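Here's the letter readout for the chains.
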Amino acid sequence: MKSRKESNKNIRTIRKERLDRGARARSKDLYVLMSYEDIAYVILPRVLPPLILLAFPFIVRDTYWHMVFFLAGYYAVASMSWDLLGGFTGLVSFGHSLFIGFGGYFTAILNVWYGVPIWLSIPIGTLAGAAMGTLIFAPCLRTKGVYFSLVSLVAPLVMVGSILAFAEITGGEEGIYGLENPLTELQWYYIMAGLVLLTFLILRKIAYSNFGLVLQAIRDNEPSVKVSGINPVRYKVTALFISGLFASLVGSLQAHKLSFVGPSYFYLSISVGIITMSVLGGVATIIGPAIGAYILTILTEWLRWLGGLRMLLYGVILLILLNFKPEGIYRYLERTYQTFERQVVEE
Amino acid sequence: MLPILIYGTTLGFTLALIAIGLSLVFGVARIINFAHGAFFAIASYTLYLFFITLNIPLPVSMILALISTATISVVMYIISLSRVRGMELNEMIITLAFTIIVIELLRIYFGPSPLGVPSFMKGGITIAGYVVDMQRIFIVVISIATLAALAFLVKKTRIGIGMRALAQDEDAAMLIGVNREKMCIISLAISAILAGIAGVSVTPIMTASLEGAWYALLNGIAIVILGGLGSLVGSLIAAFIIGYAEIIIATYVSSHLKSIVALIFIIVILILRPSGIMGRHHEIEERV
């Protein structure tokens, strides 16, 4: 009892004052940049992550970890593109692997069956994949988001079945082997790292432009967008196509890197992984899903002994996060970054 | 021709049970329940557990399987869904996560390969020179009985009236004194039991498999969109359309293309008539 009384007294005398540093920095007195510490405070979080990403192959020379980071980048690009739909437009896609699969398959068909060189097959495959996915989803964009979510869950499951049905084009269960792969592991790493940075910059630009504003308005209140004389369907289709472009680009890169495409490109585990990473990192932040992707991919590599339990891990993470911590890692980091506590002695 | 009629009718009834549950939960509780396929799988596997592993007599183990399916659905609602009510996107992601967790746990406990359960009744009846096994007749009979019981529940009882009131106008129903949380739980349990009956009665034909969960969910979604979200009669009609179409495609074209039927139907109906066969257009604007 006594100790509690004492601690109560302490709380009364020493109070923690919360300061919002970001708000002060934005206000007129830019005292934040008065010292090197404060300059570092502003610059480091913006410069350090891309530097680490680019310098990583020189820090860790193990090729295995380069491959892991390639995979993490693959998921990062896919989940950032998911975020443009799920976070900003309110179209939660449960089948983002549809775009990845289409991108991979179109690239493989072009490269292997028609002998199109790699520098042409990737862009054409990407465009074709995004267009095909948009074509499938476009009919459900006239209604509200729920229909899109329902169809997006169905479509990749159906595609796995139809790949087996059209085995003479798609290679069936075995998939298509022998795509051109002229690059080394390190070059692939840098392509993916560059793509992650580029995707982040482009998607953030889009998400915070006027176009992105309309998308957020569609998410929050679609009738009001219609009232403003804007056709929401056109915006949704455009957002879907942009998002699909990035997703099918990683699909086609992956196809060339592995020299292989198969039904596994369409698997639900990829879509669920993307959703889990986005929710973990923080929805509607663009950078959040990328953070989530790197964390979760490295975590699953560490927990390799889990084997087939990866999906269970995703499910449990999703359930716990959505129930108890739906804000995600990025918003938490942002909050702690912008506030700091100072001990103030009263009296 | 006759085999298509027979197989299509059985499949149609099974799919109708699955889809009506999905539609009911959407109409009453406004939840898009992606865990519906998991209920189907839970019922199949618990039937296997009680009937084969524990050797409990068939009628008892069927009832136990249904009870455990309903219990799991209610537990899911209480521990997790009730926390995010009203946040549509989180509800959908949580039910999907729940499906994944259930399927992975079933995979760990029962192993990945499908498990067979013997037919409930041996023999068959000859109709126009074609032998129909008793299991299929059992499916049709029990489905009709279930649907009749459901119709009675929805039309005549207090619970059913409360559900319909909630589906029509949530605020007005709550003003009159309908307990929304209770109705949501009841409708979820009923839908789980419907999916469970489908799962239990189909298990001897289709075996208890993990793919069954996705199959049920995929077709349930297709039927619900085709029939109009929240419309029970529409779901019933759409279930038979999709059931017959799948059997026809599987017989004459390729069994791999069976699943693409669902997607084609969804896309065509969304282009031609987004509210579904029986859905009214203004309902789309308000609810969905």
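Residues numbered from 1 in each chain as written. Chains lettered and ligands numbered in written order. Predicted model: local features only at pLDDT ≥ 70, side-chain atom pairs only at ≥ 80, totals over all residues. Heavy atoms only, no water.

Caption draft 1: Fine view of the overall build of chain B. Each helix and strand counted, chain B has 12 helices and 2 strands in total. Across chain B, helices and strands are ordered from the amino to the carboxyl terminus as α-α-α-α-β-β-α-α-α-α-α-α-α-α. The C-alpha atoms of chain B give 19 Å as radius of gyration, which agrees with the globular expectation for 288 residues (19 Å, within 12%). Each principal axis of the C-alpha atoms in chain B carries an extent, and together these give about 55 × 45 × 35 Å. For chain B, the proportion of its 288 residues judged to be buried stands at 58%. In chain B, the proportion of contacts linking residues at least 24 apart, taken out of those at least 6 apart, comes to 74%. If you sum the accessible surface of chain B, you get close to 11700 Å²; carbon and sulfur atoms cover 70% of it. Looking at charge distribution, chain B has the averaged site of its 16 positive side-chain charges lying 8 Å from that of its 13 negative ones. (Helix = DSSP H or I, 4+ residues; strand = E, 2+ residues; numbered from the N terminus. Rg over C-alpha atoms; globule rule 2.2 N^0.38 Å. Buried < 20%, exposed > 50% of the residue type's maximum accessible area, 1.4 Å probe, protein only. Contact = heavy atoms within 4.5 Å. Areas by Shrake-Rupley, 256 points an atom, 1.4 Å probe, with all protein chains shown as cover. Lys, Arg positive; Asp, Glu negative; His and termini not counted. Charge placed at Lys NZ, Arg CZ, Asp CG, Glu CD.)

Caption draft 2: Spatial organisation of the interface of chain A and chain B. In this assembly, 40 residues from chain A lie in contact with 40 residues from chain B. Around 3800 Å² of area is buried between chain A and chain B when both sides are counted, 82% of it from carbon and sulfur atoms. Viewed at the interface, chain B and chain A are joined by 0 salt bridges. The interface formed by chain A and chain B contains 3 residue pairs in polar contact (both at pLDDT 80 or more). Sorting elements by how many residues they give to the side of chain A that touches chain B places helix H7 (residues 145-165) of chain A first, with 14 residues. Looking at the side of chain A that touches chain B residue by residue, the classes come out as 29 nonpolar, 8 polar and 3 charged. (Buried area = accessible area lost by both parts, 1.4 Å probe. Salt bridge = Lys/Arg side-chain N within 4 Å of Asp/Glu carboxyl O. Polar contact = N/O pair within 3.5 Å; in protein donor to acceptor, adjacent residues only side chain to side chain. Nonpolar A, V, L, I, M, F, W, Y, C, P; charged D, E, K, R; others polar.)

Caption draft 3: A look at the packing of aromatic side chains. This model, assessed by the stated rule, comprises 22 aromatic pairs over all chains. Each ring, one from Phe13(B) and one from Phe240(B), has its centre 5.0 Å from the other, and the planes form 85 degrees; the classification is edge-to-face. One end of the pair, Phe13(B), is in helix H1 (residues 2-29); the other, Phe240(B), is in helix H10 (residues 232-252), with 227 residues separating them in the sequence. Accessibility classification places Phe13(B) together with Phe240(B) in one group, the buried group. On the numbers, 4.9 Å between centres and 80 degrees between planes, the contact of Tyr109(B) with Phe110(B) is edge-to-face. Three or more aromatic residues link up through ring pairs in this structure, and these residues are Phe56(A), Phe69(A), Tyr189(A), Tyr190(A) and Tyr294(A). (Phe/Tyr/Trp six-rings, centres within 6.5 Å; stacked < 30°, edge-to-face > 60°.)

Caption draft 4: Inspection of the pairing of strand E2 (residues 130-133) of chain B at higher detail. All names here are of chain B. Taken together, the 4 bridges between strand E1 (residues 124-127) and E2 define a ladder with antiparallel strand orientation. Bridged to Ile127 within E2 is Tyr130. Between the antiparallel neighbours E1 and E2 lie 2 residues, among them Ala128 with a positive phi of about 50 degrees. (Pairing = 2+ DSSP bridges.)

Caption draft 5: Structural detail: the layout of surface pockets. Reported here for the second largest pocket is a volume of approximately 1100 Å³. Leu157(A), Val160(A), Tyr267(A), Glu211(B) and Trp214(B) are the residues nearest the centre of the second largest pocket, which is lined by 31 residues in total. For the lining of the second largest pocket, the secondary structure elements donating two or more residues are H7, helix H13 (268-281) and helix H15 (310-324) of chain A together with helix H4 (88-110), helix H9 (211-227) and helix H11 (258-272) of chain B. With 5 residues, H9(B) is the largest single contributor of residues to the lining of the second largest pocket. Grouping the constituent residues of the lining of the second largest pocket by class yields 16 nonpolar, 9 polar and 6 charged. (1 Å grid on protein atoms, 1.4 Å probe; cavity = no way out; pocket = protein on both sides within 12 Å on 5 of 7 lines; lining within 4 Å. Points joined across faces, edges and corners; volume = space filled by probe spheres on them.)

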